[in-house]
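Structural overview for review
For reference, the chains in residue letters:
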Amino acid sequence: GPGQTDLPCLLHEYFCSALVEPWDTSRFHHLRPLQEAARNSGQVNLMLDSADKKLVAVKKMPTSWMGTSHSDFVLRNPGETEEPWR
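Overview of the structure. (Residues numbered from 1 in each chain as written. Predicted model: local features only at pLDDT ≥ 70, side-chain atom pairs only at ≥ 80, totals over all residues. Heavy atoms only, no water.)

1. Quick look at the overall build of the protein chain
Our working rule: Strands here mean DSSP runs of E at least two residues long; helices mean DSSP runs of H or I at least four residues long; both are numbered from the N terminus. Remark: exposure states derive from per-residue accessible area (1.4 Å probe, protein chains only) relative to the maximum for the residue type, with buried under 20%, exposed over 50%, and partly exposed in between. Two residues form a contact once any of their heavy atoms are found within 4.5 Å. Exposure was quantified through the Shrake-Rupley algorithm and a 1.4 Å probe, taking into account, for residues, occlusion by the shown protein chains and nothing else.
Tallying secondary structure elements over the protein chain gives two helices and three strands in all. Scanning the protein chain from its N terminus toward the C terminus, one meets helices and strands in the order β-β-β-α-α. Considering the protein chain as a whole, with its 86 residues, one finds that 26% of them fall into the buried category. Here the contacts in the protein chain between residues at least 6 apart in sequence split such that 22% fall between residues at least 24 apart. Counting only carbon and sulfur atoms, one obtains 55% of the accessible surface of the protein chain, whose full area is about 6,700 Å².

As structure tokens, then:
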């Protein structure tokens with residue numbers, strides 16, 4: 001329909017994880033926590049995107065849980081229902 005975007009079924013196959021950029025600490029400003037994400041030792045935070053002047057929800061997770069790519073994550077966490085690389 002109008003305004004819909006067709007996304008690939010396997011998004012992780014359509015981008016190179018080596019192109020993921022470092023977090024821009026000057027762009028995003030933490031406002032407050034929204035929710036704990038205990039299952040993966042993470043947290044969802046309300047932040048202000050200073051470039052777009054919009055409020056965004058950002059989930060922060062440890063890299064030790066995420067791994068280095070979608071494939072690495074699946075190997076480290078077999079059976080996990082969450083897919084942070086998608």
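2. A look at the layout of surface pockets
For clarity, the threshold we go by: Both cavities and pockets are sets of points on a 1 Å grid over the protein atoms alone; in a cavity a 1.4 Å probe fits but cannot get out, in a pocket the set is open with protein on both sides within 12 Å along at least five of seven lines, and lining residues sit with an atom within 4 Å of a point. Grid points are joined across faces, edges and corners, and a volume is the space filled by probe spheres set on the points. Think of it as three bins: nonpolar holds Ala, Val, Leu, Ile, Met, Phe, Trp, Tyr, Cys and Pro, charged holds Asp, Glu, Lys and Arg, and polar takes everything else, Gly as well.
Its boundaries defined by the atoms lining it, the largest pocket holds a volume of some 440 Å³. Around the largest pocket sit 14 residues that line it, and Val20, Glu21, Thr63, Met66 and Trp85 are the ones nearest its centre. Only β3 (54-60) and α1 (63-66) provide two or more residues apiece to the lining of the largest pocket. Considering only residue class, the lining of the largest pocket consists of eight nonpolar, three polar and three charged.

3. Section: the nonpolar core
Applied cut-off: Take the buried residues of types Ala, Val, Leu, Ile, Met, Phe, Trp, Tyr and Cys, join any two whose side-chain atoms come within 4.5 Å, and each joined set is a nonpolar core.
Core analysis: the biggest nonpolar cluster contains five residues, these being Met61, Trp65, Met66, Phe73 and Trp85. The contacts of Met66, once residues within four sequence positions are left out, are Met61, Phe73, Pro84 and Trp85.

4. Considering the side chain of Asn45
Rule in force here: Throughout this description, a polar contact denotes any pair of N or O atoms lying within 3.5 Å of each other; where both atoms belong to protein, one of them has to be capable of donating a hydrogen while the other can accept it, and for residues adjacent in sequence the pair is counted only when both atoms sit in side chains.
Relative to the assigned elements, Asn45 resides in strand β2 (residues 42-49). Asn45 gets classed as buried once you look at its relative accessible area, which sits at 6%. A polar contact is formed between the side chain of Asn45 and the side chain of His30, at a distance of 3.2 Å. Setting aside anything within four residues of it in sequence, one finds Asn45 in contact with His30, Arg32, Pro33, Leu34, Val56, Ala57, Val58 and Lys60.

5. Quick look at the packing of aromatic side chains
Selection rule: Aromatic rings from Phe, Tyr and Trp, taking only the six-membered ring of Trp, are treated as a pair when their centres fall within 6.5 Å; an angle between ring planes under 30 degrees marks them as stacked, one over 60 as edge-to-face, and anything in between as tilted.
Enumeration according to the criterion identifies two aromatic pairs in this entry. When the ring of Trp65 is compared with that of Phe73, the centres are 4.9 Å apart and the planes differ by 70°; the resulting orientation is edge-to-face. In terms of burial, Trp65 and Phe73 fall into one category: buried.

Nothing here speaks to function; it is all geometry.
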